Amino acid sequence: MDLATFHPVFLFLFQAVVANVEPPTNLTLHCHNMHNILKWSYDQLLPGLRFRVDIGALSGDPSFVWVVPPAELQANLSNLTDPTDAYFVTVTAVMGQNESTPTPGIIFSYFKDNPEGQKCYVDFPSVSVTAHPDYTVLLRFTHPWLLYRLQMRKWNKPRFKKSSEPQLPPFDYYVTLTNQHYRCVERVCEEKLSVDAAQKKHCLKMNGELEKMLVQETKEYCFDVPTGNSPNNLVSVYVVGGLLAAIAGALIISMVYRKKTRPLTSIPNSMTFKSKVKQWTVRLVQETVTVPEVEAISPTPLMLTEEQEFAATVTPSTESELRLPIGVTTEDESVSDDVEVGIDEGPGYMAGSKLDEDEAPSGYESRPVLVELAPGELAEGYRV
């Protein structure tokens with residue numbers, strides 16, 4: 001890249017008439033993390049001396065910045081960070097109408113593939129490196145755009161979605177440990193890498209590209225793989241340990257529950273629920289229903305007693321009685337006044353009036369009957 005590439009106006013300023021004014025020296029540019037500072041030196045700072053910083057760009061109009069002592073001999077050019085452009089700067093000392101020769105110019109750009117001049121870059125974010133016993137390592141870091149977005153918005157188009165956070169540009173990075181490239185579009189970038197199990201100590205470096213800018217590593221990350229059991233043994237240990245912990249927890253909970261629910265003093269059997277149920281059952285079995293006898297209060301008895309019934313069933317005869325042998329009757333059936341007994345047979349018979357009090361009643365009742373054997377001759381018999 002030569003001076004003819006820049007704007008013609010810049011070339012005109014560069015070719016201005018030089019008077020007897022000493023030019024600045026030691027022109028340097030510090031461009032890092034979107035912060036650009038141009039510095040120079042001057043031997044004698046005379047009253048009225050000023051410095052003009054001329055800026056040329058490949059894709060823009062030329063501009064300039066004035067620096068007047070006693071201010072520091074430097075200029076802040078942090079607005080020149082577009083990685084799609086390249087910049088050319090010089091410094092000229094001005095005293096009234098006289099100017100010095102410009103300093104040798106500096107070309108710089110944040111474009112990572114800038115063919116000439118000074119390449120500016122941004123630092124790789126701090127990386128969290130966590131090594132695991134299974135010979136893997138976890139990398140975590142913040143997306144670089146979140147660190148430098150304030151400067152990037154000056155030249156980059158906004159990446160916003162409606163009612164959402166800004167869309168992050170893709171960040172491609174390279175890891176020396178695995179010699180592979182990775183891409184991140186999240187706010188927190190994470191990647192799990194496998195390492196060589198034969199080595200105990202490992203070191204890695206990382207660099208990347210963001211919007212055509214170089215994201216340079218700042219340090220080397222070294223770590224040791226933790227020693228311990230193999231992954232299979234660890235799984236077995238975790239499983240057995242988990243089972244033992246579960247069993248111990250169940251026993252403790254059971255003991256606490258039994259202690260909380262067990263009464264402090266023993267309870268008599270009579271106060272337990274089973275004893276109460278047994279007592280209630282026995283009482284229900286033993287208790288019987290008794291129906292009291294009801295006496296008739298009617299003015300006329302509903303049922304006749306046995307004596308009354310017997311008296312009502314005997315009809316005495318007014319005629320003379322003929323005594324005949326037992327079982328013998330007259331032809332004219334003169335003895336028609338039989339004794340009609342209206343008492344049912346069976347064990348319900350009452351004892352006859354002629355029986356002695358000491359005699360026990362039989363299963364049936366024998367009643368005396370007078371039978372006329374001959375005129376004027378009576379015999380006493382019993383009717384069965």
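Parameters at a glance
- Just so you know, the residues in each chain are numbered from 1, in the order the chain's sequence is written.
- Where local features are concerned, this predicted model is filtered to residues with pLDDT of at least 70; where side-chain atom pairs are given and counted, the filter is 80 or more; whole-chain, interface and lining totals use all residues.
- Remark: hydrogens and water are excluded; side-chain values derive from all non-hydrogen atoms of the structure.
- Secondary structure elements are defined from DSSP: runs of H or I of at least 4 residues count as helices, runs of E of at least 2 residues count as strands, and each element is numbered from the N terminus.
- For every residue, the accessible area obtained with a 1.4 Å probe (protein chains only) is divided by the maximum for its type, and the residue is called buried under 20%, exposed over 50%, and partly exposed between those limits.
- Should DSSP find at least two bridges between two strands, the strands are regarded as paired.
- For this text, the term disulfide refers to a pair of cysteine sulfurs within 2.5 Å.

(A) Local environment of unusual backbone geometry. For the bond from Pro69 to Pro70, the omega torsion is 15°, close enough to zero to count as cis. One non-glycine residue, Tyr135, lies in the positive phi region at around 60°. Relative to the assigned elements, Tyr135 resides in the loop between strand 11 (128-132) and strand 12 (136-142). We note that Asn179 has phi near 55°; this positive angle belongs to a residue other than glycine.

(B) Structural context of the pairing of strand 6 (residues 87-95). Among the nine residues that make up strand 6, eight are buried, leaving the element largely enclosed by the rest of the structure. In the sheet, strand 3 (residues 49-57) pairs with strand 6 via nine bridges, with the strands oriented antiparallel. Bridge assignment links Asp54 to a residue of strand 6, and that residue is Thr90. Taken together, the three bridges between strand 6 and strand 8 (residues 106-109) define a ladder with antiparallel strand orientation. Bridging from a neighbouring strand, Phe88 pairs with Ile107 of strand 8. Across two bridges, the pairing between strand 6 and strand 7 (residues 98-99) is antiparallel. Each bridged residue has a counterpart across the sheet, and for Val94 the counterpart in strand 7 is Glu99. A loop of two residues connects strand 6 with strand 7, the two strands running antiparallel in sequence, and Gly96 in this loop sits at a positive phi of about 65°.

(C) Representation of the state of the cysteines in the model. This structure, assessed with the given rule, holds three disulfides. In this model, Cys184 is linked to Cys189 through a disulfide, with the two sulfur atoms separated by 1.9 Å. What sets the handedness of the Cys184 and Cys189 disulfide is the S-S torsion sign, and at about -90° it is left-handed. Side by side, Cys184 and Cys189 carry an identical accessibility label, which is buried. Note that Cys203 is cross-linked by a disulfide to Cys222, the S-S spacing being 2.0 Å. Looking down the S-S bond of the Cys203 and Cys222 bridge, the torsion is 110°, so its handedness is right-handed. With a gap of 19 residues between them, Cys203 in strand 16 (residues 201-204) and Cys222 in strand 19 (residues 221-224) connect regions that are remote in the sequence. Judged by its relative accessible area of 42%, Cys222 falls in the partly exposed class.

Any functional reading would require information beyond the geometric quantities listed.
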